[in-house]
Amino acid sequence: MQIIPIPCLTDNYAYIINDNISKIVGVVDPSEATPVIAFLKKKNLQLNYILNTHHHFDHIGGNLELKKMYNAKIVGFEKDKKRIPGIDIALTDNECWKFGSFELKIIYIPGHTLGHICFYFENEKVAFTGDTLFSLGCGRIFEGTYEQMFSSLNKIKNLPKDTKIYCGHEYTEKNSEFCISLDSRNKKLISKINDIKLKRSNNLPTVPSSLKDEIECNIFFRCEDEQVKSSLKMKNNTPIEVFMKLRDLKDNF
Ligand SMILES: [Fe+2]
């Protein structure tokens, strides 16, 4: 399985999934059609599927143009089918679906929106987390509750540690500033930040991250860490209370 990030708009990523065996090609969250078409043309590829993690315009903006051009099928969450333009294949939570020679599983992860899903390729250990889990951050809570977002992040946290995380935006460097402001003694985080800065200075993407890195460095996954709790003066608070505080602080960071 070949996965290629395609930078779109200001800081979005669409991802081309190329199955070299079956020659099936998909794109996850095409914010816009033009850069996706340019890549497909350059590589002489046809597009079979468009996969949407959620309905926001910067994840579905290229749907209809790509569908028309390639006769591609659009795949999204059943409960959000009214908000996914051009949807053809509506999948449900925990449903497994064949993508060429691979199989993906739908993990329902509400919070950012109420119809947000993760595309999880269990055998390849790849997760497309959209705007729910970012590298070193998480999405804003627009439609769901704090509890829903916290529980969705925990669903991802429980996947195998070597799962590769492909998220919807290149927010990593900015997110790292928030993490380090409250977790300054975290050596893994310090080392990850060095790596991030090097990549960004060479104009390279910071994706994919690994779930192991996120568990060790992403502050939203560290709501039980004594150091983090101490920075927040929340030593006696529960993990969900810490999460709520972090999300509010990040909204105004
Ligand atoms: Fe979004």
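See the structure printed just above.
Residues numbered from 1 in each chain as written. Predicted model: local features only at pLDDT ≥ 70, side-chain atom pairs only at ≥ 80, totals over all residues. Heavy atoms only, no water.

## Regarding helix H5 (residues 172-182)
Those residues of H5 not exposed but buried are Thr-172, Asn-175, Ser-176, Phe-178, Cys-179 and Leu-182. The buried residues of H5 occupy one face: seen down the axis, they fall within an arc of 160°. Among the structural elements, strand S11 (133-134), strand S12 (137-138), helix H6 (187-201), helix H7 (211-217), helix H8 (226-231) and helix H9 (239-251) are those in contact with the buried residues of H5. (Buried < 20%, exposed > 50% of the residue type's maximum accessible area, 1.4 Å probe, protein only. Helix = DSSP H or I, 4+ residues; strand = E, 2+ residues; numbered from the N terminus. Arc of directions from axis to C-beta. Contact = heavy atoms within 4.5 Å.)

## Some words on the sheet that holds strand S9 (residues 117-121)
Read across the open sheet, the six strands follow the order S7-S8-S9-S10-S13-S14; overall the sheet is mixed. In this open sheet, the two strands that pair with only one neighbour each are strand S7 (96-99) and strand S14 (209-210). Summarising the sheet, strand S13 (residues 164-167) and S14 pair through two bridges and their orientation is antiparallel. Looking at S14, one finds that Ile-165 is bridged to Ser-209. (Pairing = 2+ DSSP bridges.)

## Some details on the coordination of the iron ion
The iron ion binds to the protein through His-54 (NE2), His-56 (ND1), His-112 (NE2) and Asp-131 (OD), with metal-donor distances spanning 2.2 to 2.3 Å. Between consecutive donors of the iron ion, the numbers of intervening residues give the motif H-x1-H-x55-H-x18-D. A residue pair is termed long-range when its members are at least 10 positions apart, and His-112 in the loop between strand S8 (102-108) and S9 and Asp-131 in the loop between strand S10 (126-130) and S11 qualify at 19 residues. Residue His-112 shares its accessibility class with Asp-131, and that shared class is buried. (Donors = N, O, S within 2.8 Å, 3.2 Å for Na, K, Ca; no water.)

## Concerning the nonpolar core
With 33 residues, the main nonpolar core has Ile-219, Phe-243 and Leu-246 as its most contacted residues. Mapped onto this core, the elements with two or more residues apiece are S9, helix H4 (146-157), H5, H6, H7 and H9. In terms of residues, this core owes the most to one element, H4, which gives four residues. In this structure Phe-243 touches Cys-138, Ile-141, Tyr-146, Met-149, Phe-150, Leu-153, Phe-220 and Cys-223, once residues within four positions along its chain are discounted. One finds Tyr-15, Ile-24, Tyr-49 and Val-207 within the second-largest nonpolar core, a separate group that totals 26 residues. (Core = buried A, V, L, I, M, F, W, Y, C linked by side-chain atoms within 4.5 Å.)

## Topic: the packing of aromatic side chains
What the rule picks out here adds up to 16 aromatic pairs. Each ring, one from Phe-102 and one from Phe-121, has its centre 6.5 Å from the other, and the planes form 85°; the classification is edge-to-face. Here Phe-102, found in strand S8, pairs with Phe-121, found in strand S9; they are 19 residues apart in sequence, far enough to count as distant. A single burial state applies to Phe-102 and to Phe-121, both of which are buried. On the basis of an interplanar angle of 75° and a centroid distance of 5.0 Å, the ring pair of Phe-134 and Tyr-171 is categorised as edge-to-face. Of this pair, Phe-134 sits in strand S11 while Tyr-171 sits in the loop between S13 and H5, and the two are 37 residues apart along the sequence. (Phe/Tyr/Trp six-rings, centres within 6.5 Å; stacked < 30°, edge-to-face > 60°.)

## Quick look at the sheet that holds strand S5 (residues 73-77)
What the six strands build is an open sheet, ordered S1-S2-S3-S4-S5-S6; its pairing is mixed. Two strands bound the open sheet, and with one partner strand each, they are strand S1 (2-8) and strand S6 (87-91). Averaged over all pairs of adjacent strands, the angle between strand axes in this sheet comes to 25°, irrespective of strand direction. Pairing of strand S4 (residues 49-51) with S5 involves three bridges; the strand directions are parallel. What sits directly across from Ile-50, in S5, is Ile-74. Of the strands in this sheet, strand S3 (25-28), S4, S5 and S6 touch helix H3 (residues 63-70), which is tilted by about 165° from S4. (Axes fitted to C-alpha atoms, helices over the stretch in contact; angles between N-to-C directions.)

## Focus: the environment of Leu-159
Of note, Leu-159 is situated in the loop between H4 and S13. Taking the C-alpha atoms as reference, Leu-159 lies 23 Å from Pro-205; in sequence the two are 46 residues apart. If we skip the residues at most four places from it in the chain, Leu-159 touches Ile-107, Tyr-120, Ala-127 and Leu-211.

## What to know about the side chain of Lys-250
The residue Lys-250 is located in helix H9 in this model. Asp-251 provides the closest opposite charge to the buried, salt-bridge-free Lys-250, at an N-O distance of 7.1 Å. Residue contacts for Lys-250: discarding those within four places in its chain leaves Asn-175, Phe-178 and Phe-220. (Lys, Arg positive; Asp, Glu negative; His and termini not counted. Salt bridge = Lys/Arg side-chain N within 4 Å of Asp/Glu carboxyl O.)

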